[in-house]
Amino acid sequence: MAEDEPLAAEVLQEALTEEGFAVLAAPDGQAALDMAEAGAGFDLLLTDLRMPRLDGQELIRRLRARRPDLPVVVMTGFPPPGGPDSLHDGPGPLRLMTKPIHIAGLVATLRAVMRGD
Amino acid sequence: MFDTAALAPHGVCLLWRPELIWLHAISDALTGLAYWSIPVVLIIIARRRKDLIFPWAFDLFALFILACGLTHFAAIWTLWNPDYGIEGAIKGATALVSVATAVALWPLLPRILALPTHDDLAAANAALTREVAERRDAEARARSSEARFARFFQHVADGLFVVRATTEGFEFETVNPRFAALLGLPVQRIEGARPDSVLDPAAAAELMLALSTCLTSGTVQDWESGTAGEAPDGRHWHTVLVPLPPENDGAHRLLGSVRDISALRRLQADLTETARRAVIGTMAAGVAHEMSQPVNIIGLWAERGRAAMQDLPAIVRRALEVALDQTRRLGTLLDRMRDLTCEGGNGEAGPFDAAATAGSAVEVARRTWSLEGIAVEMEPPATGPLTVFGRSGLLEQAMLHILENARDAVEERRRRDPGAPARIAVALTLSPDGGALAISVRDTGGGVPTELGDRIFDPFVTTKDAGHGCGLGLPLAAGLVRALGGSLRWRNHGPGTAEAGAEFRIHLPLLGAQAPDRAA
């Protein structure tokens, strides 16, 4: 999970862990990329779009360069003008959720994406 | 004196020698005949040439030469007859005529010398010929210039008119076809008419004031006029008045030109509006992004808090639910603010039937609000498909925003006056030239303060009670309609009646039809 707002990251990590997810939290895109390159295992990328150092769109591009089918869920305060299609960089599933996020809705979306719905 | 008894003929002096007698007789005869023929020529010239300067001098010469000739005949006579008295009398008469001629001739000398010579006359003649040619040339040039001006007047792109100032006021003397077309009247109807009989009262008053100023000050008048804020129907004019130099009849005339600058003004207004919308959009996007972060955090923590503890005190549970509800409300608002900047939307652009799309939006509204007792009606269009180019979803969204706005107005009026009618009527009409479609949405919500004008399409401008709408529906609708190449306007209808309300009109260009402004 790449999220630069510590208060949002904190509550999301707690809630998702409680729902049975193992969450690796990164404070920005670059940190998330570093973790992936260091060999961290993960099944899904949950990311914000606007972040310092490396933004969400670039993070998706770089991770999908190695794992084209990586499932992605994007949380954003301002969706890109081109819609979710403009973020696609591979055949894997991608969902776009606009802030404010509801935990129940996010959990349902994460499960659906992991199931491949 | 005339007694010849003692006299001998002249031949005696010549001793009757025949050679002398005949030499004298023949010489005198020839000289006399020659002398007598000259006056005939002179008299013929004097009679035939009426332009002679001194005809009496010719007569005098003729008489003088005639007399001289006679003396020679007398000399022949006296060769054989000694009538020297008669011959002397003839000589005396000749002397009188000769002296008279000589006396008359001398004073004529300077005047004859002063007469123009043939060269003088030729030069004068040539000068005259040149002048005649120059005048003909100038006339031809004037005629050609007048023809050029007439063609220019008839075919120039601007409306031109000549107004004559009379004691009764002003009247159109001449107008060109373009001016007549701008007024929508035939040329014959305007020529000879007073401005107030062919123009609307406001335009006539404005023109007559300018005509008076132009006439009294003698200065060029140049102004713009038009109906403000009424586009796309509004017309704007640029008029110039010029005083003309007075003509032979002494009447004062003014030349006017009128240019239709409606399209230019509309373009300027559209550009200004587009720039303004862009600024508003950028601001809304920035605000939405910055607000979404704290709203997100509040919502997440409230939801997390409520889920984590099942046995919270009632007041804390209530507090978390209120916080969650309000973040949802803020979320809806943020969604709409984000929509303000993405006018393009998704989906494929193409031709679609505007009547069908409007119909489906009306159907959604009708079903949703029938339970609330609000009637949503649509008159089916009289004609076949009304094809518009763009994304049909944009029109459907715009219609829904406008219908929702109408619903809010109707509901608000019912809160104050429970007996008020609750009806929303949708109608589709074609522009007179068939080039554009107007979709009208009329409600019975009592209407909107007219002073709001087009600010009603600005974000967050609302007349609704607090908590009943955020004031983003109409700006969104206006943005969506603009993305389809159309415009959204509004006005109140039926003020003071039970049916009073607002009418919103979506104007859309129809596919395949010529744009109305370019038709002219």
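Thresholds, definitions, all that
- Residues numbered from 1 in each chain as written.
- Chains lettered and ligands numbered in written order.
- Predicted model: local features only at pLDDT ≥ 70, side-chain atom pairs only at ≥ 80, totals over all residues.
- Heavy atoms only, no water.
- Helix = DSSP H or I, 4+ residues; strand = E, 2+ residues; numbered from the N terminus.
- Buried < 20%, exposed > 50% of the residue type's maximum accessible area, 1.4 Å probe, protein only.
- Contact = heavy atoms within 4.5 Å.
- Areas by Shrake-Rupley, 256 points an atom, 1.4 Å probe, with all protein chains shown as cover.
- Expected span 1.5 Å × (residues − 1).
- Core = buried A, V, L, I, M, F, W, Y, C linked by side-chain atoms within 4.5 Å.
- Polar contact = N/O pair within 3.5 Å; in protein donor to acceptor, adjacent residues only side chain to side chain.
- Pairing = 2+ DSSP bridges.
- Axes fitted to C-alpha atoms, helices over the stretch in contact; angles between N-to-C directions.
- Parallel < 35°, antiparallel > 145°, perpendicular 65-115°, else oblique.
- Left-handed = near helix turned anticlockwise from the far one by under 90°.
- Nonpolar A, V, L, I, M, F, W, Y, C, P; charged D, E, K, R; others polar.
- Buried area = accessible area lost by both parts, 1.4 Å probe.
- Salt bridge = Lys/Arg side-chain N within 4 Å of Asp/Glu carboxyl O.
- pLDDT = per-residue confidence, 0-100.
- Phe/Tyr/Trp six-rings, centres within 6.5 Å; stacked < 30°, edge-to-face > 60°.

### Quick look at the overall build of chain B
Thinking step 1. Helix and strand counts for chain B come out as 15 helices and twelve strands.
Thinking step 2. A burial count over chain B gives 34% of its 520 residues as buried.
Thinking step 3. Across chain B, contacts joining residues at least 24 apart in sequence account for 60% of those joining residues at least 6 apart.
Thinking step 4. Per element, the accessible surface of chain B, about 29,600 Å² overall, is 62% carbon and sulfur.

### Remarks on helix α2 (residues 18-48) of chain B
Thinking step 1. Along its 31 residues, α2 of chain B runs 45 Å from first to last C-alpha, staying within 8% of the 45 Å computed at 1.5 Å per residue.
Thinking step 2. Close packing links the buried residues of α2 of chain B with α1 (10-13) and α3 (55-80) of chain B.

### Concerning the nonpolar core
Residues and elements named next belong to chain B.
Thinking step 1. Leu395, Met399, Leu403, Ile424, Ile439, Phe504 and Ile506 are the most contacted members of the largest nonpolar core, which totals 44 residues.
Thinking step 2. When contributions to this core are tallied by element, the ones reaching two or more residues are α12 (354-369), α13 (392-416), β9 (423-430), β10 (436-443), α14 (473-483), β11 (487-493) and β12 (501-509).
Thinking step 3. Look past the residues within four positions of Ile506 in its chain and what remains in contact with it is Leu395, Met399, Ile402, Leu437, Ala438, Ile439, Val481, Ser487 and Leu488.
Thinking step 4. One finds Ala165, Ala204, Cys214 and Leu241 within the second-largest nonpolar core, a separate group that totals 23 residues.

### Quick word on the side chain of Gln221 of chain B
Residue and element names in this part refer to chain B.
Thinking step 1. Turning to its location among the elements, Gln221 is positioned in strand β3 (residues 221-226).
Thinking step 2. Gln221 sits in the buried class, given a relative accessible area of 16%.
Thinking step 3. Among the polar contacts made by the side chain of Gln221, one reaches the side chain of Thr219 at a distance of 3.1 Å.

### With respect to the sheet that holds strand β7 (residues 375-378) of chain B
All names here are of chain B.
Thinking step 1. As summarised here, the arrangement of the five strands in space is β7-β9-β10-β12-β11, forming an open sheet in which the pairing is mixed. Looking along the sheet, the strands with just one partner apiece sit at the ends: β7 and β11. Across the sheet, the mean angle from the axis of one strand to that of its neighbour is 20°, orientation sign disregarded.
Thinking step 2. By the bridge criterion, four bridges tie β7 to β9 in an arrangement that is parallel. Along β9, the bridge assignment pairs Ala375 with Arg423.
Thinking step 3. Of the strands in this sheet, β11 and β12 touch α14, which is tilted by about 135° from β11.

### Thoughts on the sheet that holds strand β1 (residues 45-48) of chain A
Whenever strands of a sheet pair, they do so through backbone hydrogen bonds, lying parallel or antiparallel.
Residues and elements named next belong to chain A.
Thinking step 1. Strand order in the open sheet formed by three strands is β1-β2-β3, with parallel pairing between adjacent strands. Edge positions in the sheet fall to β1 and β3 (94-98), since each has one partner strand and no second. Within the sheet, the average angular offset between the axes of one strand and its neighbour, ignoring direction, is 20°.
Thinking step 2. With respect to the sheet, helix α4 (residues 103-115) is in contact with β1, β2 (72-76) and β3, its orientation differing from that of β3 by roughly 175°.

### Examining the packing of helix α2 (residues 29-37) of chain A against helix α3 (residues 56-66) of chain A
Residue and element names in this part refer to chain A.
Thinking step 1. Interhelical geometry of α2 versus α3 gives an angle of 15° and a closest axis separation of 10 Å. The orientation of α2 relative to α3 falls into the category roughly parallel. Read as a crossing pair, α2 and α3 show a hand that is right-handed. Here α2 contributes Gly29, Ala32, Leu33, Ala36 and Glu37 to the contact with α3, which in turn contributes Leu59, Arg62, Leu63 and Arg66.
Thinking step 2. Looking at side-chain class alone, the contact of α2 with α3 contains five nonpolar, one polar and three charged residues.

### A few points about the interface of chain B and chain A
Thinking step 1. Contact residues are listed per partner, giving 20 residues for chain B and 23 residues for chain A.
Thinking step 2. Counting the surface lost from both chain B and chain A, the interface buries some 2,000 Å², and carbon and sulfur atoms represent 60% of this.
Thinking step 3. For Glu14 of chain A, the salt bridge goes to Arg304 of chain B, with nearest N and O atoms at 3.4 Å.
Thinking step 4. Counting the contacts that link chain B with chain A gives seven residue pairs in polar contact (both at pLDDT 80 or more).
Thinking step 5. Only α10 (262-308) and α11 (314-341) of chain B provide two or more residues apiece to the side of chain B that touches chain A.
Thinking step 6. It is α10 of chain B that provides the largest number of residues to the side of chain B that touches chain A, a total of twelve residues.
Thinking step 7. Considered class by class, the residues forming the side of chain B that touches chain A number seven nonpolar, eight polar and five charged.

### Observations regarding the pattern of salt bridges
Residue and element names in this part refer to chain B.
Thinking step 1. For the structure shown, the criterion picks out 30 salt bridges over all chains.
Thinking step 2. A salt bridge links Asp196 to Arg194; the shortest N-O distance between them is 3.7 Å.
Thinking step 3. Bridged by salt links that share partners, the residues Arg164, Glu173, Asp249 and Arg253 form one connected network.

### Focus on unusual backbone geometry
Thinking step 1. That bond from Lys99 of chain A to Pro100 of chain A is cis: its omega, 5°, falls within 30 degrees of zero.
Thinking step 2. With respect to the helices and strands, Pro100 of chain A occurs in the loop between β3 and α4.
Thinking step 3. Although it is not a glycine, Leu15 of chain B sits at a positive phi angle of roughly 60°.
Thinking step 4. Tracing the backbone through its elements, the reader meets Leu15 of chain B in the loop between α1 and α2.

### Things to note about the confidence of the model for chain B
All names here are of chain B.
Thinking step 1. Counting all residues, the mean pLDDT for chain B is 85, and 93% of those residues have values of 70 or more.
Thinking step 2. Ignoring residues within four places in sequence, the model shows residues 514-520, a span with pLDDT below 50, making four contacts including any to other chains.
Thinking step 3. Scoring the predicted complex yields pTM 0.50 and, for the interface, ipTM 0.85.

### What to know about the environment of Pro421 of chain B
Residue and element names in this part refer to chain B.
Thinking step 1. You can see Pro421 is positioned in the loop between α13 and β9.
Thinking step 2. With a relative accessible area of 18%, Pro421 lands in the buried category.
Thinking step 3. When the C-alpha atoms of Pro421 and Ile374 are compared, they prove to be 8.6 Å apart, with 47 residues separating the residues in sequence.
Thinking step 4. Not counting chain neighbours up to four residues away, the residues in contact with Pro421 comprise Val410, Arg413, Thr444, Ala498 and Glu499.

### Here's the deal with the environment of Gly41 of chain A
Residue and element names in this part refer to chain A.
Thinking step 1. Along the polypeptide, Gly41 turns up in the loop between α2 and β1.
Thinking step 2. Since its relative accessible area comes to 64%, Gly41 is described here as exposed.
Thinking step 3. On a C-alpha basis, the gap between Gly41 and Leu24 in space is 9.2 Å, while along the polypeptide they are 17 residues apart.

### Some details on the packing of aromatic side chains
Residue and element names in this part refer to chain B.
Thinking step 1. Following the criterion strictly, the structure yields nine aromatic pairs over all chains and no others.
Thinking step 2. Taking the centre distance of 6.0 Å and the plane angle of 40° together, the rings of Phe149 and Phe153 count as tilted. One end of the pair, Phe149, and the other, Phe153, are both in helix α5 (residues 118-155), four residues apart, so they sit about a helical turn from each other.
Thinking step 3. Residue classification places Phe149 among the partly exposed residues on the basis of a relative accessible area of 45%.
Thinking step 4. Classification of Phe153 by relative accessible area gives buried; the value is 5%.

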